[in-house]
Amino acid sequence: MICKGEHLITGDDQGNITVYELFRLRQLTSLPLYVPVHCLAITNGNSHIMAGLRDGKLIIIGIKSPNEVR
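One structure accompanies this document, and this report is about it. On a predicted model such as this, the values are computed, not experimentally measured, just so you know.

Procedures and definitions
- Residues numbered from 1 in each chain as written.
- Predicted model: local features only at pLDDT ≥ 70, side-chain atom pairs only at ≥ 80, totals over all residues.
- Heavy atoms only, no water.
- Pairing = 2+ DSSP bridges.
- Helix = DSSP H or I, 4+ residues; strand = E, 2+ residues; numbered from the N terminus.
- Polar contact = N/O pair within 3.5 Å; in protein donor to acceptor, adjacent residues only side chain to side chain.
- Axes fitted to C-alpha atoms, helices over the stretch in contact; angles between N-to-C directions.

1. Focus on the pairing of strand β5 (residues 37-42)
- Here β5 runs beside strand β6 (residues 48-53); their pairing, made up of five bridges, is antiparallel. By the bridge assignment, Cys39 is partnered in β6 with Gly52.
- Linking β5 to β6, which pair antiparallel, is a turn of five residues; within it Asn46 sits at a positive phi near 55°.

2. What to know about the side chain of Glu21
- Along the polypeptide, Glu21 turns up in strand β3 (residues 16-21).
- A distance of 3.4 Å separates a polar atom in the side chain of Glu21 from a polar atom in the side chain of Arg24.
- Of note is the side chain of Glu21, whose polar atom sits 2.8 Å from the side chain of Arg26.

3. Some remarks on the sheet that holds strand β7 (residues 58-62)
- Read from one edge of the open sheet, three strands run β5-β6-β7, paired in antiparallel fashion. Edge positions in the sheet fall to β5 and β7, since each of these pairs with one other strand and no more. For this sheet the average axis-to-axis angle between neighbouring strands, irrespective of direction, equals 20°.
- As paired strands, β6 and β7 are joined by five bridges and run antiparallel to one another. Looking across to β7, one finds that His48 is bridged to Gly62.

Structure, rendered in structure tokens:
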């Protein structure tokens, strides 16, 4: 679980990464990876989420900046 700014990011044993609004706990998005998530990290520039999986893989997910989202 990561708490960064106004967001809460979680990973679970079913292989889902979910992003919530921190104060309302409203789910913003979910990403199925199909392999249990062991750890999560976010880069200093908030540009990528890194997920370590049970099978030893490292998944890197790019995050769009608010200016790029329409």
